[in-house]
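# An overview of the molecular structure
What follows is the residue order along each chain.
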Amino acid sequence: MSPPVLQSLIAGRWVGSSAARGLHSAVNGRLVAQTHAEELDFGEGLDFARRQALPSLLALDYQQRAAMLKALAAYLMERKEELYAISAHTGATRADSWIDVEGGIGTLFAYASMGRRELPSSNVVHEGPATPLGKQGQFMGTHVLVPRRGVAVHINAFNFPMWGMLEKFAPSFVAGMPCIVKPATATSYVAQACVRMIEDSGLLPAGALQLIIGSSGDLLDRLLETDVVTFTGSADTAAQLRVNPNLVRRSIPFNAEADSLNCAILAPDVQPGEPEFDLFVKEVFREMSAKAGQKCTAIRRAIVPASQVDAVAAALRERLAKVKIGDPAVEGVRMGALASKDQQRDVAERLAQLARGNEIVFGERDGFAPVGEGVGDGAFFAPTLLLCRDAMHNEAVHNVEAFGPVSTLMTYHDFDEALALAAKGRGSLVGSVVTHTPALAAQAVLHAAAFHGRLLVLDREAAAESTGHGSPLPMLKHGGPGRAGGGEELGGIRAVKHYLQRCAVQGSPTMLTAITGEYVRGGAVREDVVHPFRKYFEEIQVGDSLLTHRRTVSEADIVNFGGISGDYFYMHFDEVAAKDTQFGKRIAHGYFVLSAAAGLFVSPAPGPVLANYGLDTLRFVNPVAIGDTIQARLTCKRRIDRGNRPDQPPQGVVAWDVQVTNQHGELVASYDILTLVAKRPEAEAAQA
Ligand code: NAP
């Protein structure tokens, strides 16, 4: 039976039945799949994304899209074994595929939960606070982030066909962009299996994710100002694509994650036998062997003190000699193959360049013999460790990336030289500094952060929980300056913001409230006979407000509060010392003011407010002295509908703006309180 012809998903149809190029198993060279010969109509794909997918996505809000992502992640997780089986053809071990398959699905989960925690139930993100632009406070300015109303094109590298696709898709989907994904051809059968699963799930709006098998043709030439392109791959391809005339003319954002010569530095304080020494060796070994070294974050340059290089080399040789290489299906195999024969050739060529003038400490001649049936036709490569003793003057070791299990040890004489060597990578995704000396870590980071997207400081304390040098994490930025492409991905919710458009907005507070969906002070408020805490979530509107009765603060309040809290700070209790402070007299505890304000605005009987789970942006703006009279204004600032969860009663999040003022109308305390408010019971809702 001939292997399947892969299909593209364009304009809601699977396209492709005639075979074009064969894609071979990295393990034994057998044909695994074939690309299709049919040409794709990218105009049709873009049109479908704009006309069909975009309106459906924008009919949802951030919360709803995040919830969809969570459902999708759960759906894929249930079917992960199918994906592992397909991923095995790429030469990946189970552990390697875990990064790709579960790492990818985990990133969907992560963006689902970050979206639900941090984004509003609308399509406007308010980057407040608003700033007054005039003396009366009736003209203000602020920033909003909104969906770009365009399409995201994601072009990926071959090494992590699932993770690479999903880590880009997740934030762009939450941001409301339909995506067109072009995986690298060599491993596109994995991406296709995943997209087919996603399509079959029926969980996403039609056209939210389209797939290109093979060439992206004239796609980039057809993009519009509202679109974005993200790219992961080699620096050469990035350099070529980022100057596409259409992208340049229309200022279409182009985010690049390119190859980089990442380093790990063994600091001069570390001696053989110390935990940090072993951690360094373990980390370099892991980055050489995991995914057969085909990680964009892998350690290509291991920078060690000249006095320690022999000990490090010996420890690495020992570990490398033990690693069993071959078909990952064979028991005990820890390192698989490169993704293709092309890669095998490419890595061999790069290694030859690196080896010129450098020593090979460990390589093919050290017992390289992959195990398994047919592995002679696979794309295996011997782990190879080089040693460069003159790295300040050898350019190749800082420039040539052999995208496989290849790493170069390089020596330094003092720490400044180590940091100078790190910088010779001209921008990297990640660097590690292994040290147990905080001052060295601080010195290294101050210098190296300018050249790196991420820095891992590794020592015995962090080791047990360290996620390792090579693992990008959804909550931390991935992407480095210079050679590494200059792009940024992941990094928490900021990844979603990369796919949104920021706009400065000016207007009156009332207008800004309506635009941002967040109450802006000075804007119109609505007062009602019903206390805001007696309303269900659905009944509360931004701007609903309560002005409380007043309360005069007495000395007894201060004394009682001191007794309850145990806070006898001189400013509240020592008349003499208080005279010398900037206030010139005793003042009430700030926390008393907070508590007294709560006493003013709560509605004590049981009601829809389920919990008060915190305060934000608290400031004690002016002192409250004995005899001052305070009053509070409570206004609904923000409401977020996170949908309903099976494990809790239906509820929403409401943030309340609180202003406490004195008898002169001056602000004395200012903060937001965060509450959970019940939704109206279904029976009542039905009657209403
Ligand atoms: P590549 O040759 O640059 O290809 C990357 C992607 O670009 C592939 O999808 C490729 O498609 C596509 N492509 C190539 N030429 C194109 C063109 N003219 N127009 C549109 N698309 C084009 O890189 P690779 O060999 O696949 O990946 C290995 C490299 O990626 C390594 O150097 C590695 O360091 C880097 N990498 C970086 C990161 C990161 O996050 N920074 C992650 C992984 C890998 P085809 O496959 O169809 O040619």
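Keep in mind the model is a prediction, meaning the values are calculated, not measured.

### Thoughts on the nonpolar core
Ranked by size, the top nonpolar core spans 62 residues in total, and within it Ile265, Phe280, Ile303, Leu409 and Phe415 carry the most contacts. Counting residues per element, this core draws most heavily on helix H9 (residues 275-289), which supplies 7 residues. Residues contacting Leu409, with those up to four places away along its chain left out, are Ala302, Val304, Val309, Val312, Ala313, Leu316, Leu385, Leu386, Leu387 and Cys388. Of all hydrophobic cores here, the second largest spans 58 residues; its members include Leu119, Val174, Leu204 and Leu209.

### Things to note about the UniProt feature "domain: Aldehyde dehydrogenase" (unreviewed entry) in the protein chain
Mapped onto this structure's residue numbering, the UniProt feature "domain: Aldehyde dehydrogenase" (unreviewed entry) falls at residues 41-444. From the first C-alpha to the last, residues 41-444 spans 51 Å; its make-up is 42% helix and 18% strand.

### Quick look at the domain arrangement of the protein chain
Looking at the protein chain, the domain boundaries give domain 1 (8-258), domain 2 (262-484) and domain 3 (525-687). Averaged C-alpha coordinates put domain 1 and domain 3 at centres separated by 44 Å. Taken residue by residue, the interface counts 6 residues in domain 1 and 5 residues in domain 3. Across the domain 1/domain 3 interface, buried area totals approximately 440 Å², and carbon plus sulfur atoms make up 40% of it. The three residues of domain 1 that bury the most area against domain 3 are Gln63, Arg116 and Ser121, which together make up 74% of that side's buried surface. At the boundary of domain 1 and domain 3, one finds 0 salt bridges. Taken together, domain 1 and domain 3 are joined by 3 residue pairs in polar contact (both at pLDDT 80 or more).

### Some thoughts on helix H11 (residues 341-355)
When the terminal C-alpha atoms of H11 are compared, their 21 Å separation across 15 residues agrees well with the 21 Å that a helix rising 1.5 Å per residue should span. For H11, the set of buried residues is Gln343, Gln344, Val347, Leu351 and Leu354. Looking straight down H11, one finds that the buried residues subtend no more than 100° of arc, so they occupy a single side. The inward-facing, buried residues of H11 contact strand S15 (384-388), helix H12 (396-399) and strand S16 (406-412). Where H11 terminates, the next one or two residues include Gly357, which has phi positive at roughly 80°.

### Some thoughts on the pattern of salt bridges
For the structure on display, the rule yields 38 salt bridges. Between Glu395 and Lys424 there is a salt bridge, and its shortest N-O distance comes to 3.3 Å. Pair noted here: Glu395 is in the loop between S15 and H12 and Lys424 is in the loop between helix H13 (415-423) and strand S17 (428-434), with a separation of 29 residues, a long-range link. Look at the salt bridges and you will find they share partners, linking Arg526, Asp528, Lys535 and Asp544 into a network.

### Brief notes about the packing of helix H2 (residues 62-78) against helix H5 (residues 163-174)
Two elements in contact, H2 and H5, have axes separated by 8 Å at closest approach and are oriented at 150°. Of the possible angle classes, the one that applies to H2 and H5 is roughly antiparallel. Contact residues: H2 offers Tyr62, Arg65, Ala66, Met68, Leu69, Leu72 and Leu76, while H5 offers Leu166, Phe169, Ala170, Phe173 and Val174. Partitioned by chemical class, the residues of the contact of H2 with H5 number 11 nonpolar, no polar and 1 charged.

What counts, and at which threshold
- Residues numbered from 1 in each chain as written.
- Predicted model: local features only at pLDDT ≥ 70, side-chain atom pairs only at ≥ 80, totals over all residues.
- Heavy atoms only, no water.
- Core = buried A, V, L, I, M, F, W, Y, C linked by side-chain atoms within 4.5 Å.
- Buried < 20%, exposed > 50% of the residue type's maximum accessible area, 1.4 Å probe, protein only.
- Helix = DSSP H or I, 4+ residues; strand = E, 2+ residues; numbered from the N terminus.
- Contact = heavy atoms within 4.5 Å.
- UniProt positions renumbered as here; feature names shortened; annotations may be inferred.
- Domains from an automatic or database assignment.
- Buried area = accessible area lost by both parts, 1.4 Å probe.
- Salt bridge = Lys/Arg side-chain N within 4 Å of Asp/Glu carboxyl O.
- Polar contact = N/O pair within 3.5 Å; in protein donor to acceptor, adjacent residues only side chain to side chain.
- Expected span 1.5 Å × (residues − 1).
- Arc of directions from axis to C-beta.
- Axes fitted to C-alpha atoms, helices over the stretch in contact; angles between N-to-C directions.
- Parallel < 35°, antiparallel > 145°, perpendicular 65-115°, else oblique.
- Nonpolar A, V, L, I, M, F, W, Y, C, P; charged D, E, K, R; others polar.

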